[in-house]
Amino acid sequence: MGILKTIFNNTAEPRGFWGRLMARGMNSGHARQAIWGIGLMDIPTGARILDVGCGGGGNIARLLERDASCHVTGLDHSSVSVAESRALNANAVESGSCDVVQGGVQDLASLFPPASFDVVTAFETIYFWPDVQGCFRRVHDVLAPGGSLYVVNEEAVDTSSAHRWEGLIDGMSVYEPEDIVRMLRDAGFEDVSRTDETRRNWLCVRARRLR
């Protein structure tokens, strides 16, 4: 169990050799789910996008592929993930259409001015956020009025199979879909809706800041 716990803890914060492998593996392992989620997103032309918990940077690339006029900022508290994301998106970083910043979601207020982004994405990451409702409030504050947060999770419509990971990964918490919706509303979002892909057990929750 010791080596397995070490490996799986790299899903929360990739470190060292196993962390590099995990970051790269997540790019491919979550690809279909990410493509599904991005297909549900309403992204304005030229949008300023923040991808929280960007991992290996695969979703930064997918968001830029969808609309090259957008600017995507990746955020991750792992130095390994930041390096992997920058390497994967090196051309976009060089051209100025992408930045990758090291930091945690709880640090948003100190990293970015209010209303900095039109879209915030969170793929497979809210499980690891400390004080998740407080973090939702911080996301709300960095969104511009009319902007949207998209939370995309797997094993998330029926969460019974997901709870097994809580014992393997330190600090992980699995949330029921209705609890995610409630916490987003309590955090100040005024238009919250969810899309379920029940066959694959995928969930996408959209929350908008209206004013």
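Here, every reference points to the structure presented above.
Every chain is numbered on its own, with residues counted from 1 as its sequence reads. Only residues with pLDDT of at least 70 are given local features in this predicted model, and only at 80 or more are side-chain atom pairs given and counted; all residues enter the totals for whole chains, interfaces and linings. Note: side-chain values were computed over all heavy atoms of the structure, leaving out hydrogens and water.

This part takes up unusual backbone geometry. Most peptide bonds are trans, and most residues other than glycine sit at a negative phi. Positive phi values are uncommon outside glycine, yet Asp131 reaches one of about 50°. Three exposure classes are used, based on accessible area relative to the maximum for each residue type with a 1.4 Å probe and protein chains only: buried under 20%, partly exposed in between, and exposed over 50%. A relative accessible area of 54% places Asp131 in the exposed class. Even without being a glycine, Glu155 presents a positive backbone phi close to 50°. Helix and strand assignments come from DSSP, with helices taken as H or I runs of at least 4 residues and strands as E runs of at least 2, each series counted from the N terminus. Structurally, Glu155 is set in the loop between strand 5 (143-154) and helix 9 (177-186).

By definition here, a salt bridge exists when the distance from a side-chain nitrogen of Lys or Arg to a carboxyl oxygen of Asp or Glu is within 4 Å. Following the criterion strictly, the structure yields 9 salt bridges and no others. Asp118 serves as the salt-bridge partner of Arg48, at 3.1 Å between the closest nitrogen and oxygen. Here Arg48 is found in strand 1 (residues 48-52), whereas its partner Asp118 is found in strand 4 (residues 117-123), with 70 residues between them in sequence. Between Glu197 and Arg200 there is a salt bridge, with its nearest N and O atoms 3.9 Å apart. If you follow the salt bridges from partner to partner, you end up with Asp179, Arg182 and Asp186 in one network.

For the rest of this paragraph, the subject is the nonpolar core. By size, the foremost hydrophobic cluster in this structure holds 31 residues, and its most contacted members are Ile126, Trp129, Phe136, Val139, Leu149, Leu184 and Phe189. Elements that contribute at least two residues to this core include exactly strand 1, strand 4, helix 8 (132-142), strand 5, helix 9 and strand 7 (202-208). At 5 residues, the largest contribution of residues to this core is made by helix 8. Beyond its immediate chain neighbours, meaning those up to four positions away, Phe136 contacts Ile126, Trp129, Leu149, Val151, Ile180, Met183, Leu184, Ala187 and Phe189. Take the buried residues of types Ala, Val, Leu, Ile, Met, Phe, Trp, Tyr and Cys, join any two whose side-chain atoms come within 4.5 Å, and each joined set is a nonpolar core. Counting 23 residues, the second-largest nonpolar core is a separate cluster that includes Ala47, Ala92, Val100 and Cys204. Throughout, a residue-residue contact means that at least one pair of heavy atoms, one from each residue, lies within 4.5 Å.

With respect to the secondary-structure elements, Asn89 resides in the loop between helix 5 (79-88) and helix 6 (90-95). Reaching out from Asn89, the side chain makes a polar contact with the backbone oxygen of Gly57 at a distance of 3.1 Å. Non-local contacts of Asn89, meaning those with residues more than four positions away in its chain, are made with Gly57, Ile60, Ala61 and Cys98. In protein, a polar contact requires one atom able to donate a hydrogen and another able to accept it; more generally it is a pair of N or O atoms within 3.5 Å, and residues adjacent in sequence count only if both atoms are side-chain atoms.

The next thing to look at is empty space enclosed by the protein. Think of a 1 Å grid over the protein atoms and nothing else: a 1.4 Å probe that fits but is trapped marks a cavity, an open set flanked by protein within 12 Å on at least five of seven lines marks a pocket, and residues with an atom within 4 Å of a point count as lining. Grid points are joined across faces, edges and corners, and a volume is the space filled by probe spheres set on the points. The full count for this structure, using the stated rule, is 1 cavity of 30 Å³ or more. What the largest cavity holds in volume is close to 40 Å³. Forming the boundary of the largest cavity are Tyr127, Asn153, Glu154, Glu155, Ala156, Ala162, Val174, Tyr175 and Ile180. Here the nonpolar group is Ala, Val, Leu, Ile, Met, Phe, Trp, Tyr, Cys and Pro; Asp, Glu, Lys and Arg are the charged ones; every other residue, Gly included, is treated as polar. Its residues assigned to classes, the lining of the largest cavity shows 6 nonpolar, 1 polar and 2 charged.

Looking at the element boundaries, Gln133 is found in helix 8. Not counting chain neighbours up to four residues away, the residues in contact with Gln133 comprise Arg182, Met183, Asp186 and Ala187.

With that settled, the discussion passes to the packing of aromatic side chains. In this description, an aromatic ring pair is defined by two values, namely the gap between the centres and the angle between the planes. Any two rings among Phe, Tyr and Trp, with Trp reduced to its six-membered ring, count as a pair given centres within 6.5 Å; such a pair is stacked if its planes are under 30 degrees apart, edge-to-face if over 60, and tilted if neither. Summed over the entire model, instances satisfying the criterion amount to 4 aromatic pairs. The interplanar angle of 50° and the centroid separation of 5.6 Å between the aromatic rings of Trp36 and Trp202 together place this pair among those described as tilted. Highlighted residues: Trp36 in helix 3 (residues 31-39) and Trp202 in strand 7, separated in sequence by 166 residues. The exposure classification of Trp36 matches that of Trp202, with both residues buried. Aromatic side chains Phe112 and Phe117 sit 5.1 Å apart centroid to centroid with 80° between the ring planes, which places their arrangement in the edge-to-face category. With a relative accessible area of 5%, Phe117 lands in the buried category.

What is shown is where atoms sit, not what they do.
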